[in-house]
Amino acid sequence: MGTTKKISGKAMGYVILIGLVILSWAIFKILTPHNFGSFSNMLNYFQASLIATVGAVGFYFVMVMGMFDFSIGANIMLSAIVGCVFATRFNLGYFGLIAGCIITGAIVGTLNGLFYVKLRIPSMIVTTGLALIYESVANYIAGGVEQTLPSNLRAFGQMPGDIILALVACAVAYIFLNYTKIGTYTYAIGSDEFVAKNMGINVNKYKVLAFILSGAFLGVMAILTISYGSSMVAVTGMASMSRNFIPTMGCFFGLAFKKYGMPLPAIIIGEFVINIIFFGFIALGAPTAIQDVITGLALLIIITVTTKATKGEIVK
Amino acid sequence: MSEVRLQVKNLCKNFGITKAVQNVSFNVNKGEVHALIGENGSGKSTLTNMLTGIYSIGSGTFILDGKEIHPKNQVEANNEGVSIIVQELGTLSGLTVAENIFLGHEDQFVHFGIKNTNAMNKKATELLKKYGFDRIKAADMIDNYNFEDRKLVEIVKATYFDPKVVVIDETTTALSQEGREELYKHMERIRKSGNTVIFISHDLPEILDKSDTITILRDGVYIDTVKSKDVTEEDLKKLMVGREVTGDYYRSDYGEKVSDEVVLSVKNVTVPGLIENVSFDLHKGEILGFGGLSESGMHEIGKAVFGASYDREGAVTLADGTQINSIPTAIKNSIAYTSKDRDNESVVLNQSIGDNICLPSLDELAGKSHILRDKKRKEFADKYAKQMSVKMVDVNQFVSNLSGGNKQKVVLARWIGKDSDIVVLDSPTRGIDIKVKQDIYQLMNQMRKNGKSIIMISEELMELIGMCDRIIIMKDGKVSGQLDRNKDLNENSLISMMV
Amino acid sequence: MGSQVSVKTNDKEQQLKKASKMSLIRSLLPIVGLVVIFLLFNVLTDFRMMGNLSLVFSQIYVTMIAAMGVFFIMTMGGLDFSQGSILGISSIVVCMLSQKSIPLAIIGGIVSGAAIGALNGYFYVFRKIKSFIVTICTMFLFRGFIKYLTTNAPVAGSAKLINYDSTELKIACTVVILLIGFVAFRYTKFGTYLKAIGAGEKAAMFSGIRTDKMKFLIYVLAGAITGFAAFINVIKVGSVTSSGGNQLETQILIALVLGGMPISGGAKVRFENIIVGSLLYVVLNSGLTMMGFSTQMMQLIQGIVFLIFVAVFADRESIQVIK
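Residues numbered from 1 in each chain as written. Chains lettered and ligands numbered in written order. Predicted model: local features only at pLDDT ≥ 70, side-chain atom pairs only at ≥ 80, totals over all residues.

**Looking at the sheet that holds strand β20 (residues 470-475) of chain B**
All names here are of chain B.
Link 1 in the chain: Read from one edge of the open sheet, six strands run β17-β18-β19-β15-β20-β21, paired in mixed fashion. Because the sheet does not close on itself, it has two edges, and the strands there are β17 (335-338) and β21 (478-484). Taking the axes of each pair of neighbouring strands and ignoring which way they run, one obtains an average angle of 15° across the sheet.
Link 2 in the chain: In this sheet, strand β19 (residues 453-457) lies alongside strand β18 (residues 422-426) in parallel orientation, the contact comprising five bridges. Among the inter-strand pairings, Val424 is bridged to a residue of β19, identified as Ile455. (Pairing = 2+ DSSP bridges. Helix = DSSP H or I, 4+ residues; strand = E, 2+ residues; numbered from the N terminus. Axes fitted to C-alpha atoms, helices over the stretch in contact; angles between N-to-C directions.)

Okay, structure coming up:
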C-alpha cells in the first residue's frame, strides 16, 4: 500500500508541474500567438532554462539543510571569469574553461562553508560579506575589462553541448542525493539538526560538503552562463546579487515538491516554467526593466504558494 | 544469572548550576530488566543520555563488561553495544524507513562511495518482517507513518544488532495498549537472550510487573536498588519522594468550602485536533486541577483560557461578561499564565530578569506620560524578585543562566507584580527541585487564601491530589471525569479515568 | 561540601564577571575603533579629512536616518534588504510631487516608503516567509520599477528643492529623528517590546505583546522613515537615476554591524549602534577614498571588516541552531 501511495504521489507531482508548463504556454500563446511558443521556441526556452537548473540542483543541497547563500551570483561571476582566463590567457582551451570554473566554484563553496561553520554566524550573513569579497576579487582578475570567450570555445552555449553538460550535472546530483551518504545526511540534518548530531553525524562536516557541492554546481552553471552569453563583466557593489534569483526560484520548486519524492525533476521543470513566463513577457514586448519586476514578483509568488503558513510558527 | 553487565561509577553531571546527577553508582546485571525510577528532575534521563552518548559525561565512568566506555554520540554507543529508544520522536522526517533504521551505519551498504539502496531496503524489509511489523514498508518515507509506527521503527533501529544494553526512556506513556504489548514482547526477548534492558517509566504498576530490579534516584542522588518482588508500590513512592508526605508539603486542609462565586466560565471550548467541547467553571479562591496523559489535551486548556489557542471555538467568559479571545485581553483582565514550555513560552530567555518581570506591567510603570524610568523599573523588578527570593546577582542578570526553579520564580514574580486574580499554571513544578517545589505550593496556598483562583495543569498526580479543590481528568481531548478534594483520593482513582 | 559550594559560587561569579567584561569590550570597541580610525586616516591623509569634514558628513544623513528603521527591524530579529529600493522609489515620488508642492512631496515620499514597508510586512508577518527572502524579492521588484521609470531620462525634481539643500536643515532633521527614536526606544515600552520580540518571540507573545501587529508596523515604520530620508537624498542630488538608492541596504547592514549590533537582535542591542556605526562606516569609506583606493579595493576591505565585526558581535548564545 505504501509503495502505491508513493508512486501516485510522484505522478501527482508530475501532473501538477506539466500542468503548469501547459498553462503558462497556453496563456502566452493566446496573448501573442505569432512570436511565441512554437516547438523550436520551446526548445530554446528549455535550453536557456538549463543554465539556472544546474545551479539550482547544487544549491538544493544547501537549501534542504535550511541554510542560504547570498554569494551565488558572485560565485558564478568569479568562476566564469577564472574559467575564461584559464581558457584564453593560459591557452588551456576547454579543459581550462571546465576545470577553472568548477574548481573556482568549489573553492568559493568551501570558503562559504568554512566561514559559516567556524564563525558560527547565520549563513546568509556570512555569504553576504563574502560576496563583497568575491566580487572585488573577480574585478581584480578581470582587470576591469569584459572577459569574452572566443567563439571556438562556445560548444556549451548551444545544442547539444549545453544539454549534455546539464544532463551530466543533473545525473551527478541525482546520484549524490539518492545513492550516497551525503544525500541521506543532507535530509537528516535538514529534518532535525540535534537528532542528526546525536546519531553521530558530523553535522559541520556535511554542511561544508553541501556548500562545496553547491559551489561546484554553480561552477558548472558558470560554464553554461559564459558559453551562452559569450562574455562576463565583473560588476561590483553587490550587483551580482541579481544572478541569485533564478537558481533560487528553482530550488523553491524542489523544496515544495520534496514531499512528492521528486525534487530534481521539479527543479528542472520549474526552471522551464519560469523561462516560459519570461520569454512570454518578452514576446509581449515588455520592456527589459520590467523583467526585474517580474523576477522579483515571480519568486515572491512561488514562495508564497509553496510555503505553508502555520499559525504560531516563529519566522525570522 | 546475576553476572554484572554494566557498572555505573561515581557519575556526575551539572547543567550550569543545576546538579542533575550527583555521584551515582550502581550495577546492572546481565539478562534483567532494570527499571530506573524517580520524580521528574531526579536525573534518570540525564544518566541514560550520558550512557548513550547524547550528553557528554560530566565525571565518573560507565564500565560495560569490564571495559570503560565513553561514547560521544549514539553511533559510538551503538558500536559499544548500547542503544536507546528516546522519549520524544527519534526518527527523522524526510528519510525513508530504511534510512532511519541504518542512519549512521550506512557504511555496510556503501561500496566505492555509492550507497546500495536496494540492499539497504532489502535488509530493512527482512528486519521488519522478523519483528512482525510487515505493514511498515522499508522504502517508504517515514513521514507516511504515525507516531506509534515510528516508535516501532525505533524499536527495530535500537535492537536489530543485539545490543548488550537497551535503554527504553519513558516510551510506554506515548503508546497505545497494543504498542505497549509489542514493546513488552521485545523487552522479554532481549532479557531472555541474556542482554539487558534499562527501563524508565512513571507507571509504577508497569514497573513492578515488567522489571526484575529497580533503582531509585531522587534529585540526582542514588537512593537504593531493590528487587521488584520484594517491594510494593507504596514502598517505591516513599523511596522516590524521600519522606512521609506531610501536611506542610502540600496543603493540609480538608473540607474547606469553596466559594460559589464563579470568576471564569469556559463553555463548549473546542480547539481542532487538541480539545473537544470542554466546559467548566472556576470559582473564587479555588485551585482547580487538570490531570491526564501529556497528549490528553489538558495543556491546551491553559492556552485556551489565556486566549492563546489558535482556531478556538466556544467561549471563555469572566464574571462580568468579558470574553477572553486574545492574550492581551486576558492579561488586561487579570489572567496570568505560566507555560509548560518554560524556556520558550514563559521567560524571554535572553533578556534580563528585570525586563522579564516588568514586561506585562510596562503600561502601569510608565503611567500617563508613557515615559519609563529605569529607576522605577529596577525598583519594581527588585521588589518582586526579592519577594519570590530569586537567586541572582542582580536584576540585570540574564534569565538564560538561571536554574529551572529560579526561572519559574521569575515568571511567578512577573504575574504577582501584575497582581493577577486568575492564575493558570501549566506544569508549574516540572523539572524543579523539592525545595522550590515546596515554595511554589506554599505560594499557591497563600494565593488561594487571598481569594485568587488557580488552574493547575499537571502530569504529576500526587501534586494534583495534594493541592487541588477539584480535579478534572482529561482523556483524548475530552473531559473524562471529575474528583473533589478528599483525603482518601489516590493515584489509581485518577489513572483509571486517564487511560 | 561547604567549600565545594563556595568554589561553585566563585566560579559563577567569575563567569558573570567575564561576561560583563565581554559586554564592556563589545560596547567600547566600536567607539574606540571610530576614534582610532578617524585619527589614523587624518594622519595618513595629512589632516585632509579634518578639513573636509562637511563633505565627509554629507554622505551620512540618509544612511543614518534609514539605518534607524532597519535597527528597529533587526532588534526584532528580522532583516530588510529592500531599503535601497525604498529610497529609490520614494525619491522618484518626491521628485515628481515636488513640481506641485514641497510638503506634498515629503508626505508622498513617506507614504510610498510606508507602502513598500507594508508589502514587506504583509508577506513576512502574515504569509510567514523569512524576512530576508521577502525583502530581496521586493528589493529586486522595485529596483525594476526604478529602472523602468528612469529608462529614458533621470526623474528630475523641482528647482525649488535646491533651496532646501543646507547642512543645517539636514543636521536638524537627522538629530530630531534620531532623538525621537532614541526616546521611544530607550524610555518607552516600545523599545523593551522590540527587544523582547528579538530575544524570545513566543515568550513575548505570552507576556501580552501583540507580536504580529508590532512586527508589521515596524516594517511600515522603517519604510516611512526611509521615505522621509528620500527627501534629504533628493535635495542633495536634485534628480533620480536608475541607480538611485542602490546599495543602501548593504551600507546600512555594514554600518549597524560596525556599530556593534548583534546580527540576531535581541536584548543586547543599543541605540548607540546606529550612530557609532554610521559614523564609522562613513569615516572608513571617505578615508579609503581619500587615500586613493580603488572601488574594488574598498569593497574588499569592507567585506573583510564586515566579517570580522559580525564574528565579534554575534550573540551566539541566543541562537541555538545557526542556519
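**Brief notes about the interface of chain A and chain C**
Link 1 in the chain: If you look at the interface, chain A gives 43 residues, while chain C gives 43 residues.
Link 2 in the chain: Going through the elements one at a time, α5 (123-142) and α12 (288-306) of chain A are the ones with two or more residues in the side of chain A that touches chain C.
Link 3 in the chain: In terms of residues, the side of chain A that touches chain C owes the most to one element, α12(A), which gives twelve residues.
Link 4 in the chain: Counted by class, the side of chain A that touches chain C contains 23 nonpolar, 14 polar and six charged residues. (Contact = placed C-beta atoms within 7 Å. Nonpolar A, V, L, I, M, F, W, Y, C, P; charged D, E, K, R; others polar.)

**Remarks on the domain arrangement of chain B**
Link 1 in the chain: Looking at the assigned domains, one finds that chain B contains domain 1 (4-241) and domain 2 (262-498).
Link 2 in the chain: Put simply, the middle of domain 1 of chain B and the middle of domain 2 of chain B, counted by C-alpha atoms, are 34 Å apart. (Domains from an automatic or database assignment.)

**Points about helix α3 (residues 72-88) of chain A**
Link 1 in the chain: An ideal rise of 1.5 Å per residue puts 24 Å on 17 residues; α3(A) measures up with 24 Å between its terminal C-alpha atoms.
Link 2 in the chain: Across the 17 residues of α3(A), 15 count as buried, placing the element largely inside the fold. (Expected span 1.5 Å × (residues − 1). Buried ≥ 20, exposed ≤ 12 C-beta atoms within 10 Å, placed from the backbone.)

**Quick word on the nonpolar core**
Link 1 in the chain: If you look at the biggest cluster of nonpolar residues, it comprises 353 residues, and the most contacted ones within it are Val220(A), Leu256(C) and Val257(C).
Link 2 in the chain: The element that contributes the greatest number of residues to this core is helix α9 (residues 203-229) of chain A, accounting for 16 residues.
Link 3 in the chain: Domain assignment of the residues forming this core places at least three in each of domain 1 (4-241) and domain 2 (262-498) of chain B. (Core = buried A, V, L, I, M, F, W, Y, C linked by C-beta atoms within 7 Å.)

**Examining the pairing of strand β11 (residues 213-218) of chain B**
Residues and elements named next belong to chain B.
Link 1 in the chain: With six of six residues buried, β11 is to be regarded as a mostly interior element.
Link 2 in the chain: Along β11, one buried face is formed by Thr213, Thr215 and Leu217 and the opposite face, lined by Ile214, Ile216 and Arg218, is buried too.
Link 3 in the chain: When strand β3 (residues 33-37) meets β11, the two strands line up parallel, connected through four bridges. By the bridge assignment, Leu36 is partnered in β11 with Thr215.
Link 4 in the chain: When β11 meets strand β12 (residues 221-227), the two strands line up antiparallel, connected through six bridges.

**Observations concerning the interface of chain B and chain C**
Link 1 in the chain: Every contact between the two is made by 27 residues of chain B and, on the other side, 22 residues of chain C.
Link 2 in the chain: Counting only elements with at least two residues in the side of chain B that touches chain C, the list comes to α10 (327-332), α11 (342-346) and α13 (362-366) of chain B.
Link 3 in the chain: Broken down by class, the residue content of the side of chain B that touches chain C amounts to 16 nonpolar, eight polar and three charged.

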